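These are the residues of each chain, in order.
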Amino acid sequence: MDEYEKLEKIGEGTYGKVYKARNKSTGRLVALKKTRLEMEDEGVPSTALREVSLLQMLSHSIYIVRLLSVESVDENGKPQLYLVFEYLDSDLKKFIDSYGRGSGNPIPAKTIQSFMYQLLKGVAHCHGHGVMHRDLKPQNLLVDKEKGLLKIADLGLGRAFTIPLKSYTHEIVTLWYRAPEVLLGSSQYSTSVDMWSVGCIFAELSRKAPLFPGDSELQQLLHIFRLLGTPTEESWPGVKKLRDWHEYPQWQPQNLSRAVPDMGPEALDLLTRMLMFDPAKRVSAKAALNHPFFDDLDKSQF
């Protein structure tokens, strides 16, 4: 680790502490993630190695933050694992906040279209390799403003999943972007949980404010039901059998365009497909890339 000069601590991720650092020989800025690893006597735990090899494989996509190297270091007689990632100085939350609140100064439609396309490319890449992210949110999407690039970061929970789906622990995703099946205690879920999060992010780019800012699991569900209507067995077969289902107030679906007044019809149609209650009906990342919303995008740049 002598190759790197730590400049500042930039946060705590899913993995552990994150530092901004400079490679002394090349001058390149990197993000160092110090992992919270309980090292075994035999060395690095196999789960960590699996996670790391997964990250290396996924980071061949330009839309995933690149894992440059993995360093094992002796600190106070204890082995520590550092993951060295490319460094980007902004994330999508900071980017959205830079436009201010309120209806003035909207994020340009072309920027939203480009960022959504890149996000879907990254998500489709993960899903194509059998990886769910499970914690997609604006803070986990890094932005290179100069190049207009958006990259998915913090794949710390992206366990490889196998079909049939294992039962996963479900206290995971930041509440605002959490899919209703996770909130309702479903033990089996799939890549469609990421697509719900993508829908919430899409709406947030248009509104410059979160779509469902709940501060508890119950409040989160009520936010969703107030806008999209309370789900029924017709709209979502099996919903009442989910572990945490209760009898909720009966709301009728609102017109989604009231929540995202700046969205055109194509954008609204895509958002509607992402925010379907029934996970089986939610659009996949791959299908979303072919949606008419992207028809007039110059895809040669991607």
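Residues take numbers from 1 onward in each chain, read along the sequence in its written order. Totals for whole chains, interfaces and linings use every residue, but because this is a predicted model, local features are given only for residues with pLDDT of at least 70 and side-chain atom pairs only at 80 or more, for both listing and counting. Working from all heavy atoms in the structure, the side-chain values ignore hydrogens and water.

(A) A look at the sheet that holds strand β8 (residues 149-152). Two strands make a pair as long as DSSP finds a minimum of two bridges between them. Numbering of helices and strands starts at the N terminus; helices are DSSP runs of H or I of at least 4 residues and strands are runs of E of at least 2. Strands sit in the order β6-β7-β8 across an open sheet of three strands; the sheet is antiparallel. Across the chains shown, the open sheet's two edge strands, defined by having one partner strand only, are β6 (90-91) and β8. Of the strand pairs in this sheet, strand β7 (residues 141-144) and β8 are connected by four bridges, and their pairing is antiparallel. What sits directly across from L142, in β8, is K151.

(B) Focus on the nonpolar core. Counting 82 residues, the largest nonpolar core has L92, F202 and M274 as the members making the most contacts within it. Considering every element that reaches this core, the biggest residue donor is helix α5 (residues 192-207), with nine residues. Once you skip the residues sitting within four places of it in the chain, M274 turns out to touch M116, L120, M195, W196, V198, G199, F202, R282, V283 and A288. One finds Y19, A21, V30 and V73 within the second-largest nonpolar core, a separate group that totals eight residues. Here, nonpolar core refers to any group of buried Ala, Val, Leu, Ile, Met, Phe, Trp, Tyr and Cys residues whose side-chain atoms link them within 4.5 Å. Here the term buried applies to any residue with accessible area under 20% of the maximum for its type, exposed to any over 50%, and partly exposed to those in between, with areas from a 1.4 Å probe on protein chains only. Whether two residues are in contact is decided by their heavy atoms, any of which lying within 4.5 Å being enough.

(C) The arrangement of the confidence of the model for the protein chain in detail. A score between 0 and 100, pLDDT records how confident the predictor is in each residue. Averaged over the protein chain, the pLDDT score is 88; the fraction of residues at 70 or greater is 89%. Contacts from residues 160-173, a stretch scored under 50 in pLDDT, to residues over four places away or in other chains number 39 contacts.

(D) Molecular detail of unusual backbone geometry. For N105, which is not glycine, the phi dihedral falls at a positive 55°. Examined against the element boundaries, N105 turns out to sit in the loop between α2 (92-97) and α3 (109-128). Here N105 falls in the partly exposed class, since its relative accessible area comes to 48%. Of note, R134 is a non-glycine position whose phi angle comes to about 75°, a positive value. With respect to the helices and strands, R134 occurs in the loop between α3 and β7. According to the relative accessible area criterion, R134 is buried, its value standing at 2%.

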